[in-house]
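The primary structure of each chain is shown beneath.
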Amino acid sequence: MDKGQLAEFIKLLDSEVDIREEKQFTELNVPGPNLYALGKKLKENQEISFDFLFCLTGVDYGQDLGVVYHIRSTKHQQTVVLKVRTSDRKNPQFDSVADIWRTAEFHEREVFDLLGIRFINHPDLRRFFLPPSYGFPLRKDFVDDLNIVTK
Amino acid sequence: MEETMKEITGEDQKYVINMGPQHPSTHGVLRLVVSLKGEIVRNVEPHIGYVHRGMEKMCESITYPQIIHLTDRMDYLSAHINNEAVCLNVEKALEIDIPDRVRVIRTIMSELTRIQSHQLWWASFGMDLGGLTCFFYGLRDREKIMDIFEETCGGRLIVSYNCPGGLMYDIHPNFQKRTKDFIKYFRKILPEYDQLLTGNVIFKERTRGIGRLSLEDAISYGVTGPSGRASGFSCDVRKHDPYSAYDRVNFREVLFNDGDTYHRYLARIEEMKESMNIIDQLIDNIPEGPFAVKMKPVIKLPEGEYYQRVETARGELGVFIISDGNKNPYRVKFRSPSFVNLSVLNLISKDFKIADLVAIAGSLDFVIPDIDR
Amino acid sequence: MPFDIYDFTSFTKWIDTGLQNSMSPFWTIVVEMLIIGVLILTFYALIGLFLVYAERKVCAFMQNRLGPNRVGPFGIFQTIADLVKLLLVELIPIKNADKFLFNLAPFIVIIASFMAIAAIPFAKGLHAIDLNIGLFYVIAVSAMGVIGVLLAGWSSNNKYSLIGAMRSGAQIVSYELSVGLSLITVVILAGSMQLSEIVLAQADGWFIFKGHIPAFIAFIVFLVASTAETNRGPFDLAEAESELTAGYHTEYSGIKFAFFFLAEYMNMFIVASIAATVFLGGWMPFHVGHWDGFNHIMDFIPPFIWYILKTFFVIFLMMWFKWTFPRLRIDQLLTLEWKYLLPINLVNILIMSFIVLMGWHY
């Protein structure tokens, strides 16, 4: 499928998706609660079969916190980017996609460790790199006078 | 009575041992908490973070050319390829046209880096399995590549040779001749490696059928690089998404069907041969031209998100830059191959013995600073 | 003083009569035992020192490097430096360990290898004890080493030592079978278990040539099984550095560790000397059929030198294996013994008996 057909196909799968064509990839912005369902359909639908999640990034947008999923289809050689956002900074939560793409298990742990975003239904959500009582360093409002030197 | 026994010892009478952060076989500071039943491994839990330097956070307060020096230290065995990833990303965002000479030289250096990384992997893999002589043979040959790097780039392991726009300096006049001599020498020596390990009965018994990774698991866990290709996952970025000069060379993507330790080993040996073929095709015709494009003194990427994938010796490295128009990036994410390859260790070492765990970890070939960043 | 380098019997007889003339038979025996004890101890220590140095040099040359070359010319005093360091190292006392067994274990290992040296013929007449069940005695006595290994692992009060000791114990006990059976093959050919008889029977040709096929198979099996029994070479899983820890001697430091270390090299020496005695002719020179001129030149070299050369050749073979091959896993080790070497041995014994009965040997 080319990009236009792909966009239409995905719109059929989930009507609340906001599809944008960026310079490199097609971006799908979904509201948080729809993430798991759309992810499952993206993987299991044989006409698109996005089965290779190659990058899971947590981002602090300043006001919102979000997660960016880069997914690729090994059969059809296409890539899309899935994005979710939440403005809840105190207790950000998304559904875990670890049972759709098993690689998300480690990546989501890393996002939890560095940004504090919790993933519901994750098999083993613990801190990974940092000690248990450390804050969430990748947040823009994180201050650690002892260990971090800012200009 | 039996119920009380079970309460005291736990349901399975597990025996938990610690392959601690300092261990000759974990290739760096990695702590593996292994639950055993007798000699059989039941569960492997990696504890990482001993070398966490907060690279992604650091990148938010430095400029784009400075990121390159950080990426060197991420997966230090593929230092040149890591640098290339960031440079390509920045050049793609600024839409600069890179001269041919730069492309070809970057490709040659990447392939030399790949050979050098696989040589070190072979040396330490042999040593882990007990054939201590392999260590010395592998490193002896690797020194020749290190000398080539030192002459041209100034550094043996940490090269920092790329910069956005091209290379830091032109190649040394001896570079072509030394590389050609090295390829000729290594082609003769590589069968020696085969004699020492590949055909050995003991080695085959230790690695055949051990730690099998199926194709669906490889895709689902995202295992790329030689470990993924040995399971049949066609994921070579050099073929699917060519960058630098890879679209003009002829080489074979090394794929096997049987994802066990032995085939992961064979995949890397074959990759070394393919790398030598690539270098052979390029080394004689390095195009003339400038070795860098003049860039502005302060590099600012236009607003947006940019992703670049490269093929390091371990797998697919992804550099994801989110820019808001300033001279420092807004967010940089390194998708490191070793981090993802580590996640599959628990799955494939279940129900094998401790000695096999060492062989499997060696064949997955991770470098700990790449996991921790 | 009748000192004949080709036949030590006259020399030993002279010492014996001399002592008997000067003191009562009881004291003669005591003095003789003391002399032999001191000689063997010195021999033990010297060979141990030399073997450690030889291993490091051989290993280094195979790995394309030089090995010790700083301490003394060509590094020959390296082992002495190591020994001095081991003596000065602090002996770390282990909490909750069984002190008596902990201290006893290294001694048992040394005693077992010490006793085995006593029966080996170094040259004609240079023999500590010439038992008529010499071969059987040597095998039986070197089996005692297992007790030391198991005691060391148990009394260290350490999970990893225990795993290592159990693995080691299982390995040694299994491979003793193969060692014994392959030696029995030669006993059938020689017709006697007395070591001096076995050597004399090889006067016209070494057993490895006389017994052609079955003797050769027995030699290979013996080499493999004895490398496994001494925990060396590709069978050293129990003390592998790249596995968990150093196995059963993890908790030992200083002089006690030196005992284990030394005992391993001496076991290698004993096993090599048994191979040399039984298969390669002991102190017999290399004779080829009826080439009298050649035989005379070979006869000129003293038997003691022949013995040393053959033993060191076998030791070199064992070192060669160790530094070339990767390690076997414990279950592959035991599979090798029980499923492959044991049946080969049994069939080999049958073939050898058949050949001896039919007279088809040289």
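### Observations concerning the packing of helix 3 (residues 64-72) of chain B against helix 4 (residues 79-94) of chain B
Residue and element names in this part refer to chain B.
Thinking step 1. In contact at an axis separation of 8 Å, helix 3 and helix 4 are set at 155° when each is read in the N-to-C sense. Classified by the angle between their axes, helix 3 and helix 4 sit roughly antiparallel to one another. Considering the relative orientation of helix 3 and helix 4, their crossing is right-handed. Here helix 3 contributes Y64, I67, I68, T71 and D72 to the contact with helix 4, which in turn contributes A79, N82, N83, V86, C87 and V90.
Thinking step 2. Of the residues contributing to the contact of helix 3 with helix 4, the split by class is 7 nonpolar, 3 polar and 1 charged.

### Side note on the sheet that holds strand 2 (residues 31-37) of chain B
All names here are of chain B.
Thinking step 1. Taken together, the 3 strands give an open sheet; going across it, the order is 1-2-3, and neighbouring strands pair in antiparallel fashion. A strand with exactly one partner marks an edge of an open sheet, and here the two such strands are strand 1 (15-19) and strand 3 (40-47). When strand polarity is set aside, the average angle formed by the axes of neighbouring strands in this sheet is 20°.
Thinking step 2. In this sheet, strand 3 lies alongside strand 2 in antiparallel orientation, the contact comprising 7 bridges. Within the sheet, the bridge partner assigned to S35 lies in strand 3 and is N43.
Thinking step 3. Sitting on the sheet, helix 15 (residues 354-364) touches strand 1, strand 2 and strand 3, and the angle it makes with strand 1 is about 35°.

### Section: the interface of chain B and chain C
Thinking step 1. Listed by partner, the interface residues are 32 residues for chain B and 23 residues for chain C.
Thinking step 2. Between chain B and chain C, roughly 2,400 Å² of surface is buried when both sides are summed, and carbon and sulfur atoms account for 56% of that area.
Thinking step 3. Here chain B is connected to chain C by 2 salt bridges.
Thinking step 4. Two residues, D356 of chain B and R329 of chain C, come together in a salt bridge whose shortest N-O distance is 2.7 Å.

### Topic: the packing of aromatic side chains
Thinking step 1. Applying the stated criterion across every chain, the model contains 39 aromatic pairs over all chains.
Thinking step 2. Judged by centre distance (6.3 Å) and plane angle (50°), the ring pair of F112 of chain A and F136 of chain A falls under tilted. On the criterion of sequence distance, the pair formed by F112 of chain A in helix 3 (residues 104-115) and F136 of chain A in the segment after strand 7 (118-120) is long-range, its members being 24 residues apart.
Thinking step 3. We classify F112 of chain A as buried; its relative accessible area is 8%.
Thinking step 4. Judged by its relative accessible area of 27%, F136 of chain A is partly exposed.
Thinking step 5. Taking the centre distance of 5.5 Å and the plane angle of 10° together, the rings of F182 of chain B and F186 of chain B count as stacked. Note that F182 of chain B and F186 of chain B are positioned in helix 7 (residues 175-198) at a spacing of 4 residues, about one turn of the helix.
Thinking step 6. Accessibility expressed as a relative area gives 0% for F186 of chain B, which makes it buried.
Thinking step 7. Among the aromatic residues, those joined into a cluster by ring pairs are F25, F52 and F54 of chain A together with F233, Y307 and F320 of chain B.
Thinking step 8. R140 of chain B extends its terminal NZ or CZ atom over the ring of Y137 of chain B, reaching a point 5.0 Å from the ring centre.

### Details of the pattern of salt bridges
Thinking step 1. Considering all chains together, one arrives at 53 salt bridges over all chains under this definition.
Thinking step 2. With its nearest N and O atoms 3.2 Å apart, the salt bridge here joins E56 of chain B to R331 of chain B. On the criterion of sequence distance, the pair formed by E56 of chain B in helix 2 (residues 55-59) and R331 of chain B in strand 8 (residues 331-335) is long-range, its members being 275 residues apart. The residues E56 of chain B and R331 of chain B share a single accessibility class, namely buried.
Thinking step 3. Each of E110 of chain A together with E56, R331, K333 and R373 of chain B takes part in salt bridges that share partners, so that together they form one network.

### As for the interface of chain B and chain A
Thinking step 1. Contact with chain B, which involves 38 residues of that partner, is made by 38 residues of chain A.
Thinking step 2. Taken together, the two surfaces of chain B and chain A that pack against each other cover about 3,300 Å², and 56% of this comes from carbon and sulfur.
Thinking step 3. Summed over the shared surface of chain B and chain A, the result is 5 salt bridges.
Thinking step 4. Of the charged contacts, one joins K140 of chain A and E60 of chain B as a salt bridge, the two residues approaching to 3.0 Å between their closest N and O atoms.
Thinking step 5. Elements supplying a minimum of two residues to the side of chain B that touches chain A: strand 3, helix 2, helix 9 (215-221), strand 6 (304-311), strand 7 (316-323), strand 8, helix 13 (337-342) and helix 16 (368-372) of chain B.
Thinking step 6. When residues of the side of chain B that touches chain A are assigned to their parent elements, the largest contribution, 4 residues, is made by strand 6 of chain B.
Thinking step 7. A breakdown of the residues in the side of chain B that touches chain A according to their chemical character gives 15 nonpolar, 9 polar and 14 charged.

### Notes on the confidence of the model for chain C
Thinking step 1. Per-residue confidence for chain C gives a mean pLDDT of 82, with 95% of residues at or over 70.
Thinking step 2. Across the predicted assembly, pTM comes out at 0.85 and ipTM at 0.89.

### Thoughts on the arrangement of the chains
Thinking step 1. Most contacts, among the 2 pairs of chains that meet, fall between chains A and B.
Thinking step 2. In this view chain A stays clear of chain C, with the nearest C-alpha atoms of the two still 25 Å from each other.

### A word on the state of the cysteines
Residues and elements named next belong to chain B.
Thinking step 1. In total, this model carries 0 disulfides over all chains according to the counting rule given.
Thinking step 2. The thiol sulfur of C87 is not disulfide-bonded, and the nearest other cysteine sulfur, from C163, lies at 6.3 Å.
Thinking step 3. Given a relative accessible area of 0%, C87 falls into the buried group.

### Observations concerning helix 6 (residues 133-153) of chain B
Thinking step 1. Over its 21 residues, helix 6 of chain B runs 30 Å from end to end, which matches the ideal 30 Å to within 8%, given 1.5 Å per residue.
Thinking step 2. Regarding helix 6 of chain B, the residues found buried are T133, C134, Y137, G138, D141, R142, I145, M146, I148, F149, T152 and C153 of chain B.

So, how was this worked out
- Residues numbered from 1 in each chain as written.
- Chains lettered and ligands numbered in written order.
- Predicted model: local features only at pLDDT ≥ 70, side-chain atom pairs only at ≥ 80, totals over all residues.
- Heavy atoms only, no water.
- Axes fitted to C-alpha atoms, helices over the stretch in contact; angles between N-to-C directions.
- Helix = DSSP H or I, 4+ residues; strand = E, 2+ residues; numbered from the N terminus.
- Parallel < 35°, antiparallel > 145°, perpendicular 65-115°, else oblique.
- Left-handed = near helix turned anticlockwise from the far one by under 90°.
- Contact = heavy atoms within 4.5 Å.
- Nonpolar A, V, L, I, M, F, W, Y, C, P; charged D, E, K, R; others polar.
- Pairing = 2+ DSSP bridges.
- Buried area = accessible area lost by both parts, 1.4 Å probe.
- Salt bridge = Lys/Arg side-chain N within 4 Å of Asp/Glu carboxyl O.
- Phe/Tyr/Trp six-rings, centres within 6.5 Å; stacked < 30°, edge-to-face > 60°.
- Buried < 20%, exposed > 50% of the residue type's maximum accessible area, 1.4 Å probe, protein only.
- Lys NZ or Arg CZ within 6 Å of the ring centre and 35° of its normal.
- pLDDT = per-residue confidence, 0-100.
- Disulfide = S-S within 2.5 Å.
- Expected span 1.5 Å × (residues − 1).

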